Amino acid sequence: MARKFLAGNWKMNGNRAALDEVRRLIAAHPEPTVDLVLCPPATLIAEMAELTRGHALQIGAQDCHSAEKGAHTGDISAPILADAGARHVILGHSERRADHNETDSQIAGKLAAAQAAGLTPILCIGETLQQRDQGQTLDVVTAQLSGSIPKITDPERIVVAYEPVWAIGTGRVAAPEQIAEVHDALREALHHRFGHRAKDIPLLYGGSVNPGNAAAIFAVDNVDGALVGGASLKAGDFGAILEALQAA
Ligand code: PGA
């Protein structure tokens, strides 16, 4: 069984005043029983890592470059993120695939760089509404999965998040049967790739997860947790989702 895992993705939201939400979260949940990660904007990583020192909450980034260092203005490398205190990095989020035309092979390069720097990548995959309507969901997500995981990958240090593009930030959550179908297929594909070690890879669902729908999502087979966007910005909401996962 994979360990339970909850990650929050602040996206391009939150500033230093928002650190109060983090203080509230860790005060209300001093000893979480699941893996807990928050991924703020890069400028907050170091301060948040400092703030959460001694608490189980870990800090993650939202992207990294595939190179270790060099002339890449505006980019951040995995070793720099690790040095700032990040332990995880979200890679291949659909917003980056759309905004920055990121391809599976570029994401695979980032994933290799992240693991080499000691970070645990949270790899995001998911279909658009058009792809779902055309019956391509399983083909799309399994192709993204195999294309975004490099040849040399440590399966003990990867997390996969299924995030249907049409469910992200829309308030429209995938139905339990839809989530189950995709997560079963992903587990199978990971098993094909990594053998028995696939069962230990946390499979997260993401897309409009909130305190009201979290328990039903966590009850789905092969769902080990969630990647939460909007609802991770408020300690009360994120804490309620954490409680739902701990109780699942
Ligand atoms: P959402 O975002 O929870 O706001 O839908 C999820 C994500 O993009 O990771």
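Throughout what follows, the structure given in this document is the object of discussion. Model, not experiment: these values are computed from the prediction.

**Quick notes on the side chain of Arg-187**
Stage number 1. In this fold, Arg-187 is placed in helix H8 (residues 176-194).
Stage number 2. Its relative accessible area of 13% is what places Arg-187 among the buried residues.
Stage number 3. With residues up to four places along the chain from it excluded, the contact list for Arg-187 reads Ala-198, Lys-199, Ile-201, Leu-203, Asn-222 and Asp-224.

**Quick word on the sheet that holds strand S1 (residues 5-9)**
Stage number 1. Around the barrel, which closes on itself, the 8 strands sit in the order S1-S2-S3-S4-S5-S6-S7-S8 with parallel pairing between neighbours. Taken over all neighbouring pairs, the strand axes of this sheet differ in orientation by 25° on average, direction set aside.
Stage number 2. Pairing analysis gives 4 bridges linking S1 to strand S8 (residues 225-228), with the strands arranged parallel. Bridged to Ala-7 within S8 is Leu-227.
Stage number 3. In the packing of H8 onto the sheet, contacts are made with strand S5 (120-125), strand S6 (159-162) and strand S7 (203-206), and the angle to S7 comes to roughly 150°.

**Considering the site of the ligand**
Stage number 1. Taken together, 13 residues form the shell around the ligand, and within it Lys-11, His-93, Glu-163, Gly-169 and Ser-208 come nearest.
Stage number 2. Here an oxygen atom of the ligand and a side-chain polar atom of Lys-11 are 2.7 Å apart.
Stage number 3. Between the ligand and Glu-163 there is a distance of 2.6 Å, counted from an oxygen atom to a side-chain nitrogen or oxygen.
Stage number 4. Contact with the protein chains hides 95% of the accessible area of the ligand, taken as 280 Å² for the molecule alone.

Here is what the cut-offs are and how they apply
- Residues numbered from 1 in each chain as written.
- Predicted model: local features only at pLDDT ≥ 70, side-chain atom pairs only at ≥ 80, totals over all residues.
- Heavy atoms only, no water.
- Helix = DSSP H or I, 4+ residues; strand = E, 2+ residues; numbered from the N terminus.
- Buried < 20%, exposed > 50% of the residue type's maximum accessible area, 1.4 Å probe, protein only.
- Contact = heavy atoms within 4.5 Å.
- Pairing = 2+ DSSP bridges.
- Axes fitted to C-alpha atoms, helices over the stretch in contact; angles between N-to-C directions.
- Near = heavy atom within 4 Å.
- Polar contact = N/O pair within 3.5 Å; in protein donor to acceptor, adjacent residues only side chain to side chain.
- Areas by Shrake-Rupley, 256 points an atom, 1.4 Å probe, with all protein chains shown as cover.

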